[in-house]
Amino acid sequence: MPSLNSKLPHTGETIFTEINTLAAKHDAINLGQGFPDFPMNGELIEEVYLAMKSGRNQYAHMNGVPALRKAIAEKVKILYGREIDYEEEITVTPGGTYAIYTALTSILRSGDEVIILEPAFDSYIPNVEINGATPVLVPLSLPNYSINWKLIRQHVTERTKCIILNSPNNPTGTVLDKNDIRELHDLVNETNIFILSDEVYEHIIFDELDNESLLKYKYLYERSFVCFSLGKVYNCTGWKIGYCIAPRDLSYEFRKVHQFNCFSCNTPIQYALATFLTHENEYKNLSKTFQLKRDLLASLMRSAGLVPLTSHGSYFQLYSFRNISGETEMAFAKKLCTQARVACIPVSAFYKDQTDNSVLRFCFAKKDDTLWEAAERISQFISRL
Ligand code: GLN
């Protein structure tokens, strides 16, 4: 037998699979992994069916169906005021996570360092490590999970190749503001640092805030890979479709990796989305819909005894259980899953080294009935403790 020398010796199964498996076993309501449990728009499904029936069933263009890329460029112009060349700067990908992996793989070499703010979405660290690079971990500052730019500057070295930003943030729900943008500008100014900007929740942003997309800022965009997810916009996370926008030279390298990995994405889905992307109301209503859900779950959970932390965006809100139990996040999350039968994600799963702040991530992208039922189960569980 050849000896298997793991390329990712410190990486186990993703928390999402672990919690999904446990949730299924205990028939728990799944507020763990982020996905809506309500139906997506039937007209969009119809468009896919029409595309299939009209013969759009062979390989799509490697970089994405041109009509979809044109529609994305048009949307970017409306939302962020930037002219994007759809031929050279947009690549359609099987999801946002793939776009992030591909961007990192196209720039990282062994010995490079990548600044990652923790807690961080769980794919970032392994994506860096599999490329032989080193994650340099900088904690976000509690209680608001704000970015400590001074601390980041202390972690920059001549090996720093990239900084990963994620706004609206998964898992914390924080969003970048104009001051963060200024600090980012000062940090990268006259350096060779690239930026990976994960903006998959661009439209799920609350409290009248705007997405400070890096696409808005020319100097920042020139060194950025900006990654998006269409599954989050059209309530179809299982379609696994997203895209990366990056300047021409960066996209050129991105495509070298992409072309020998998945090569091209699902064809009929791209045609269907191309027609839908021009319907502004589809994405304009998302903030309102999800803000109501955030508020509903927060008020129910508060009554149950959990303390909501601030969430200005994404599908998620963090809740503190410090007043209720001294257990680790993982132990308490597992108890909630197996005994209250509600699944959530321990935030410690988003740190490389064990960090426990007694907070859990709950997904509120669910039917109101689901949120009511989940909160009721949690309330009963807590009252029995
Ligand atoms: N983005 C989703 C979440 O944070 C999970 C996606 C995945 O399972 N890889 O819940």
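In short, a report on the structure. (Residues numbered from 1 in each chain as written. Predicted model: local features only at pLDDT ≥ 70, side-chain atom pairs only at ≥ 80, totals over all residues. Heavy atoms only, no water.)

**A closer look at the nonpolar core**
Part 1 of the argument: One finds Ile 163, Ile 245 and Phe 362 to be the most contacted residues of the largest nonpolar core, which totals 128 residues.
Part 2 of the argument: Top element by residues in this core is helix H12 (residues 286–304). It accounts for eight residues.
Part 3 of the argument: Ignoring sequence-local partners within four residues, the contact set of Ile 163 consists of Ile 115, Trp 149, Ile 152, Leu 184, Leu 187, Ile 193, Phe 194, Ile 195 and Leu 196. (Core = buried A, V, L, I, M, F, W, Y, C linked by side-chain atoms within 4.5 Å. Buried < 20%, exposed > 50% of the residue type's maximum accessible area, 1.4 Å probe, protein only. Helix = DSSP H or I, 4+ residues; strand = E, 2+ residues; numbered from the N terminus. Contact = heavy atoms within 4.5 Å.)

**As for the side chain of Asn 63**
Part 1 of the argument: Of note, Asn 63 is situated in the loop between helix H2 (42–53) and helix H3 (66–80).
Part 2 of the argument: Once residues within four sequence positions are removed from consideration, Asn 63 is found in contact with Arg 69, Ile 90, Thr 91, Val 92 and Arg 255.

**Digging into the sheet that holds strand E13 (residues 359–363)**
Part 1 of the argument: Read from one edge to the other, the open sheet built from four strands follows the order E9-E10-E13-E12, with strand pairing classed as antiparallel. Taken across any chain shown, the strands that pair with only one partner, and hence form the sheet edges, are strand E9 (307–308) and strand E12 (345–346).
Part 2 of the argument: Of the strand pairs in this sheet, E12 and E13 are connected by two bridges, and their pairing is antiparallel. Along E13, the bridge assignment pairs Ile 345 with Arg 361.
Part 3 of the argument: The sheet contacts of H12 involve E9, strand E10 (316–320) and E13, and relative to E10 the element is tilted by about 15°. (Pairing = 2+ DSSP bridges. Axes fitted to C-alpha atoms, helices over the stretch in contact; angles between N-to-C directions.)

**Re the pattern of salt bridges**
Part 1 of the argument: The tally for this structure, following the rule as stated, stands at 19 salt bridges.
Part 2 of the argument: Between Lys 216 and Glu 212 there is a salt bridge, with its nearest N and O atoms 3.2 Å apart.
Part 3 of the argument: With relative accessibility at 6%, the residue Glu 212 sits in the buried group.
Part 4 of the argument: Here Arg 294 makes a salt bridge to Asp 295, at a shortest N to O gap of 2.9 Å.
Part 5 of the argument: In this structure, a network of salt bridges that share partners links the residues Lys 178, Glu 212 and Lys 216. (Salt bridge = Lys/Arg side-chain N within 4 Å of Asp/Glu carboxyl O.)

**Overview of the packing of aromatic side chains**
Part 1 of the argument: In the structure shown here, the tally under the stated rule is 16 aromatic pairs.
Part 2 of the argument: Centroid distance Phe 228 to Tyr 243: 5.0 Å. Interplanar angle 20°. Geometry classified as stacked. Note that Phe 228 is positioned in strand E7 (residues 224–229) and Tyr 243 in strand E8 (residues 242–245), a separation of 15 residues in sequence. One exposure class covers both Phe 228 and Tyr 243, and it is buried.
Part 3 of the argument: Ring centres 6.0 Å apart and planes at 80° place the aromatic pair Tyr 315 and Phe 316 in the edge-to-face group. Here the two residues Tyr 315 and Phe 316 agree in accessibility, since each one is buried.
Part 4 of the argument: Between Lys 366 and the ring centre of Phe 35, over which it is positioned, the NZ or CZ distance is 3.6 Å. (Phe/Tyr/Trp six-rings, centres within 6.5 Å; stacked < 30°, edge-to-face > 60°. Lys NZ or Arg CZ within 6 Å of the ring centre and 35° of its normal.)

**Let's talk about the sheet that holds strand E4 (residues 134–139)**
Part 1 of the argument: The strand order across the open sheet formed by seven strands is E2-E8-E7-E6-E5-E3-E4, and the pairing between neighbours is mixed. At either end of the open sheet lies a strand with only one pairing partner, and these are strand E2 (90–93) and E4. On average, each strand axis in the sheet is tilted by 20° relative to the strand beside it, whichever way the strands run.
Part 2 of the argument: Inspection of the sheet shows strand E3 (residues 113–118) paired to strand E5 (residues 160–166) by four bridges, in the parallel sense. What sits directly across from Ile 115, in E5, is Ile 163.
Part 3 of the argument: Lying on the sheet, helix H9 (residues 248–258) is in contact with E2, strand E6 (194–198), E7 and E8; it crosses E2 at an angle near 25°.

**So, unusual backbone geometry**
Excluding glycine, residues mostly carry a negative phi; peptide bonds, for their part, are mostly trans.
Part 1 of the argument: A cis geometry characterises the amide bond from Glu 118 onward to Pro 119, with omega recorded as 5°.
Part 2 of the argument: Here Pro 119 shows up in the loop between E3 and helix H5 (124–129).
Part 3 of the argument: The residue Glu 208 is not glycine, and still its phi comes out positive at about 65°.
Part 4 of the argument: Looking at the element boundaries, Glu 208 is found in the loop between E6 and helix H8 (218–221).
Part 5 of the argument: Unlike most non-glycine residues, Ser 314 shows phi in positive territory, near 80°.
Part 6 of the argument: For Ser 314, a relative accessible area of 0% gives the class buried.

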